[in-house]
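What the coordinates show
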Amino acid sequence: MKAMKNLIGCIAILLISASIISCEGEDGAVGPQGEQGLQGDQGPQGDQGDPGTANVIYSDWIIRDYENSGGLAEETNTQLLATLGVGDFDLTQDILLVYGRREINAIVTEINQLPYIAVSDNDFYGFEVASFNGGFTLRVQVATLDGATSAFAFFDSFRYVIIPGGVGSTKSVNDYKKMSYEEVTALFNIK
């Protein structure tokens, strides 16, 4: 009998404990917001960020297609690379770089900044910016150095990069002209 009383007592205690634990009360109201804490000390200045390409304008590679390309040409040929609006280019402040690309073989490509003399072909590659109807035209100009006939085939394609005045302003025009194509594209994240 005593064991039965103990068993009934234990079951009663378990039932009472389970009902107390399982009861949930209502959530209370949210208390008032505390006071604003004190302002912390200013942190150290961060490192200078990498320059971006937000204002740098650059073209895709433009395939060689001279205006007088009906076979071999003498003296001078030109190729229109771009017609730029006044908002695209400021002759007095912006930096213009033009590059020629040459596929030497399936794995080797050579890129050179214009003006460039292709000594092996005796050709000169340059470029010209001319005012045109409220904007500018950008042309690649090629000429033979000896007056002979030439196919002007040293470069396969051309690309231009316009660095607006103020972008990377710590460098001068001469600084950019001394940089390799790889350095310029890395500096401005050009693909």
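The residue numbering used here restarts from 1 in each chain and proceeds along that chain's sequence as written. For a predicted model such as this one, the threshold for reporting local features is a pLDDT of at least 70, and the threshold for listing and counting side-chain atom pairs is 80 or more; totals across whole chains, interfaces and linings nevertheless cover every residue. Side-chain measures were taken over the full set of non-hydrogen atoms in the model, leaving aside hydrogen atoms and water.

Each residue gets one of three labels from its accessible area relative to the maximum for its type: buried under 20%, exposed over 50%, partly exposed in between, using a 1.4 Å probe on protein chains only. For helices the rule is a DSSP run of H or I covering at least 4 residues; for strands it is a run of E covering at least 2, with both sets numbered from the N terminus onward. Most of strand β11 (residues 157–163) sits out of view: seven of its seven residues are buried. The alternating pattern of β11 places Ser 157, Arg 159, Val 161 and Ile 163 and Phe 158, Tyr 160 and Ile 162 on opposite faces, both of which are buried. Relative to β11, strand β1 (residues 57–58) runs antiparallel, the two being bridged by two bridges. Following the sheet pairing, Tyr 58 is matched in β11 by Val 161. A pair of strands is labelled paired if DSSP reports no fewer than 2 bridges between them.

With that settled, the discussion passes to the packing of aromatic side chains. Pairing of aromatic side chains here covers Phe, Tyr and the six-membered ring of Trp, requires ring centres within 6.5 Å, and sorts the geometry by plane angle: under 30 degrees stacked, over 60 edge-to-face, intermediate tilted. Applying the stated criterion across every chain, the model contains nine aromatic pairs. Between Tyr 99 and Tyr 181, the ring centres sit 4.8 Å apart and the planes meet at 70°, which makes this aromatic pair edge-to-face. A residue pair is termed long-range when its members are at least 10 positions apart, and Tyr 99 in strand β5 (residues 95–103) and Tyr 181 in helix α3 (residues 181–187) qualify at 82 residues. Judged by relative accessible area, which is 1%, Tyr 99 ranks as buried. Exposure remark for Tyr 181: the relative accessible area of 10% places this residue in the buried category. Both rings, one in Phe 154 and one in Phe 155, keep their centres 5.0 Å apart while their planes meet at 85°; by these two values the pair is edge-to-face.

Secondary-structure assignment places Phe 89 in the loop between β4 (76–85) and β5. The sequence separation of Phe 89 and Ile 162 amounts to 73 residues, and the corresponding C-alpha distance is 7.4 Å. Every residue pair with non-hydrogen atoms within 4.5 Å of one another is taken to be in contact. Those residues within four positions of Phe 89 in sequence are excluded, and the remaining contacts are Leu 84, Asp 94, Leu 96, Val 129, Phe 136 and Ile 162.

This next bit is on unusual backbone geometry. Going from Leu 114 to Pro 115, the amide bond is cis rather than trans, its omega being 5°. Of note in this structure, Phe 152 is not a glycine but carries a positive phi near 50°. Note on placement: Phe 152 falls in the loop between β10 (149–150) and β11. Judged by relative accessible area, Phe 152 falls into the buried class, the value being 0%. With a phi close to 55°, Asn 189 is a non-glycine residue in the positive phi region. For Asn 189, the location among the structural elements is in the segment after α3. Since its relative accessible area comes to 44%, Asn 189 is described here as partly exposed.

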